[in-house]
Amino acid sequence: MSATAQPTSPHVMNTYGRLPIALSHGQGCRVWDTAGKAYLDGLGGIAVNTLGHNHPELVPALQDQLTKLIHSSNYYHVPGQEQLATKLTELSGLTNAFFCCTGLEANEAALKLARKFGHDKGIERPEIVVYEAAFHGRSIATLSATGNPKVQAGFGPLVEGFIRVPLNDIEALKKATDGNPNVVAVFFETIQGEGGINPMRWEYLKQVRQLCDERDWLMMIDEVQCGMGRTGKWFAHQWAGIKPDVMPLAKGLGSGVPIGAVVAGPKAANIFGPGNHGTTFGGNPLAMRAGVETIRIMEEQNLLENAATVGAHLKAALERELGGLPGVKEIRGQGLMIGIELDRPCGVILNRACDAGLLLSVTADKVIRLVPPLILSIAEADEIVAILAPIVKNFLSEPAAQ
């Protein structure tokens, strides 16, 4: 990290364990701090900066929109909403979209949809199946759906109405719900992000889809982090050849402009009516332009193929360098969503990588997470490995903390 005075934020609430740098600007997959030091961005704003930084097509489009209309409100039709909704339904095979600002809001809306779905069927206390190690947000409802006691601590009482099950175990799901008439939905991430890059198996996804159809449940898939091309398909569940009933999106949808969406199929698209849900900022013209342009550029520049190709190269290179080493439990993920699980807490790697000019994150205490921009090149993937592999090897050679 830079030797100059470290930035501080004394009037900002202390809610983050920040690294002692402040970023100034970026270009492509690189960013620079306020002291002029460059970093390779392996985090992409936590899977947000789909097109990297200062993209030569996105920036002029946003500048153009800024001169026209930033915000209106949902008292009026917003043409960009219909434009983006049309594109999202085309890509997903679903039918309608609701727009908000964040993944938390999208997930909150999904939970409300599920509850109203139940109430409309005469279920007084609807229950939703959620998963161990899941992360859906930090509002009280999404926190209750999250499977991390550490982030829940201190915020009870949590919202009732959730049934928690392990990943990839259809018999556990059946056992937890058999004979329960209050179940209305199953809610999960195709690949858990904050939980440690934990994928749902394709066969399991098909089994859950079948169970939801048999029992008249909503299948709600949180694609906030693993969606928008990150795995090499528009949405990670598409690898299993299924469609959800409800799909929250956010993060990469706007390439950095705050945007969230709930895309729904026929079973859920008409559950909300006027007055059932809403948002002040969601769906504003600037965010809609960001979403439309992000998808257009992704299509024109074949970024899904790039995510699959460069992601496979990056994962293979990491496996060559680190796979089989004592202390490396697993390297997993798909496309440009990769986790390296170690056998011990490794938060210090966050700082060491930053010192070496690489931005990444550590999640679930022991998993190094890489979610770079989808424009990442093969050469930049090799650079990530060249920086990261020695850091991991050196870390694992040290005595484990007691």
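Residues numbered from 1 in each chain as written. Predicted model: local features only at pLDDT ≥ 70, side-chain atom pairs only at ≥ 80, totals over all residues. Heavy atoms only, no water.

- Labelled according to an unreviewed UniProt entry, the protein chain appears under the name Acetylornithine aminotransferase, originating from Variovorax guangxiensis.
- Entered under Subunit (unreviewed entry) in the UniProt record, the comment concerning the protein chain runs "Homodimer."
- For the protein chain, the Subcellular location (unreviewed entry) comment in UniProt is given as "Cytoplasm". (UniProt positions renumbered as here; feature names shortened; annotations may be inferred.)

1. Description of the sheet that holds strand E15 (residues 358-359)
- What the four strands build is an open sheet, ordered E1-E2-E3-E15; its pairing is mixed. Unpaired on one side and paired on the other, strand E1 (23-27) and E15 mark the two borders of the sheet. (Pairing = 2+ DSSP bridges. Helix = DSSP H or I, 4+ residues; strand = E, 2+ residues; numbered from the N terminus.)

2. Things to note about the packing of aromatic side chains
- What the rule picks out here adds up to three aromatic pairs.
- With 5.8 Å between their ring centres and 75° between their planes, Tyr131 and Phe188 make a pair best called edge-to-face. Residue Tyr131 is found in strand E5 (residues 127-131), and its partner Phe188 is found in strand E7 (residues 183-189); the two are separated by 57 residues along the sequence. Note on accessibility: Tyr131 and Phe188 belong to one class, buried.
- Pairing Tyr131 with Tyr204 gives two aromatic rings, centres 6.4 Å apart and planes at 90°, and the pair type is edge-to-face. Here the residue Tyr131 occupies a position in strand E5, and Tyr204 occupies one in helix H8 (residues 202-215), the gap between them amounting to 73 residues.
- A relative accessible area of 0% places Tyr131 in the buried class.
- Take Tyr204: its relative accessible area is 1%, and that puts it in the buried class.
- Three or more aromatic residues joined by ring pairs make a cluster, and in this case those are Tyr131, Phe188 and Tyr204.
- A cation sits over an aromatic face here: Lys233 above Trp239, 4.7 Å from the ring centre. (Phe/Tyr/Trp six-rings, centres within 6.5 Å; stacked < 30°, edge-to-face > 60°. Buried < 20%, exposed > 50% of the residue type's maximum accessible area, 1.4 Å probe, protein only. Lys NZ or Arg CZ within 6 Å of the ring centre and 35° of its normal.)

3. Some details on a nonpolar patch on the surface
- Where nonpolar side chains cluster on the molecular surface, the patch consists of Ile140, Phe155 and Leu158 and spans about 260 Å² of accessible area.
- Within the secondary structure, Leu158 is located in the loop between helix H6 (149-152) and strand E6 (162-165).
- The class for Leu158 is partly exposed, based on a relative accessible area of 35%. (Patch = residues over 30% accessible without salt bridge, like charges linked within 9 Å, V, L, I, M, F, W, Y side chains within 5 Å. Areas by Shrake-Rupley, 256 points an atom, 1.4 Å probe, with all protein chains shown as cover. Salt bridge = Lys/Arg side-chain N within 4 Å of Asp/Glu carboxyl O.)

4. Description of the sheet that holds strand E17 (residues 367-370)
- Strands sit in the order E13-E14-E17-E16 across an open sheet of four strands; the sheet is antiparallel. Every interior strand has two partners, whereas the edge strands, strand E13 (328-334) and strand E16 (361-363), have only one. When the angles between neighbouring strand axes are averaged without regard to direction, this sheet yields 25°.
- As judged from the six bridges shared by E13 and strand E14 (residues 337-342), these two strands associate in the antiparallel manner. The partner of Glu330 across the bridge, within E14, is Glu341. (Axes fitted to C-alpha atoms, helices over the stretch in contact; angles between N-to-C directions.)

5. Quick notes on the nonpolar core
- Counting 63 residues, the largest nonpolar core has Leu88, Leu318, Leu342, Ile349 and Leu388 as its most contacted members.
- It is helix H12 (residues 378-397) that contributes the most residues to this core, 10 residues altogether.
- Counting the residues that make up this core, at least three belong to each of domain 1 (23-54 + 302-397) and domain 2 (57-301).
- For Leu342, the contacting residues outside a window of four places in its chain are Gly327, Val328, Lys329, Ile349, Lys366, Ile368, Val392, Phe395 and Leu396.
- One finds Phe187, Val246, Val262 and Ala268 within the second-largest nonpolar core, a separate group that totals 25 residues. (Core = buried A, V, L, I, M, F, W, Y, C linked by side-chain atoms within 4.5 Å. Domains from an automatic or database assignment. Contact = heavy atoms within 4.5 Å.)

6. Re the packing of helix H10 (residues 303-322) against H12
- The interhelical angle for the contact between H10 and H12, taken along N-to-C directions, is 25°, at an axis separation of 10 Å. The angle between H10 and H12 falls in the class roughly parallel. The two elements H10 and H12 cross, and the hand of that crossing is right-handed. On H12, the residues that touch Val310, His313, Leu314, Ala317, Leu318, Glu321 and Leu322 of H10 are Ile378, Ala381, Asp382, Ile384, Val385, Leu388, Ala389, Val392 and Lys393. (Parallel < 35°, antiparallel > 145°, perpendicular 65-115°, else oblique. Left-handed = near helix turned anticlockwise from the far one by under 90°.)

7. A word on the UniProt feature "modified residue: N6-(pyridoxal phosphate)lysine" (unreviewed entry) in the protein chain
- The feature "modified residue: N6-(pyridoxal phosphate)lysine" (unreviewed entry), as annotated in UniProt, sits at Lys251 in this numbering.
- In this structure, Lys251 sits in the loop between strand E11 (246-249) and strand E12 (260-264).
- Those residues in contact with Lys251 that sit more than four places away from it in its chain are Ile46, Ala47, Val48, Val224, Gln225 and Ile259.
- Only 3.3 Å separates the side chain of Lys251 from the backbone oxygen of Ile46, close enough to count as a polar contact. (Polar contact = N/O pair within 3.5 Å; in protein donor to acceptor, adjacent residues only side chain to side chain.)

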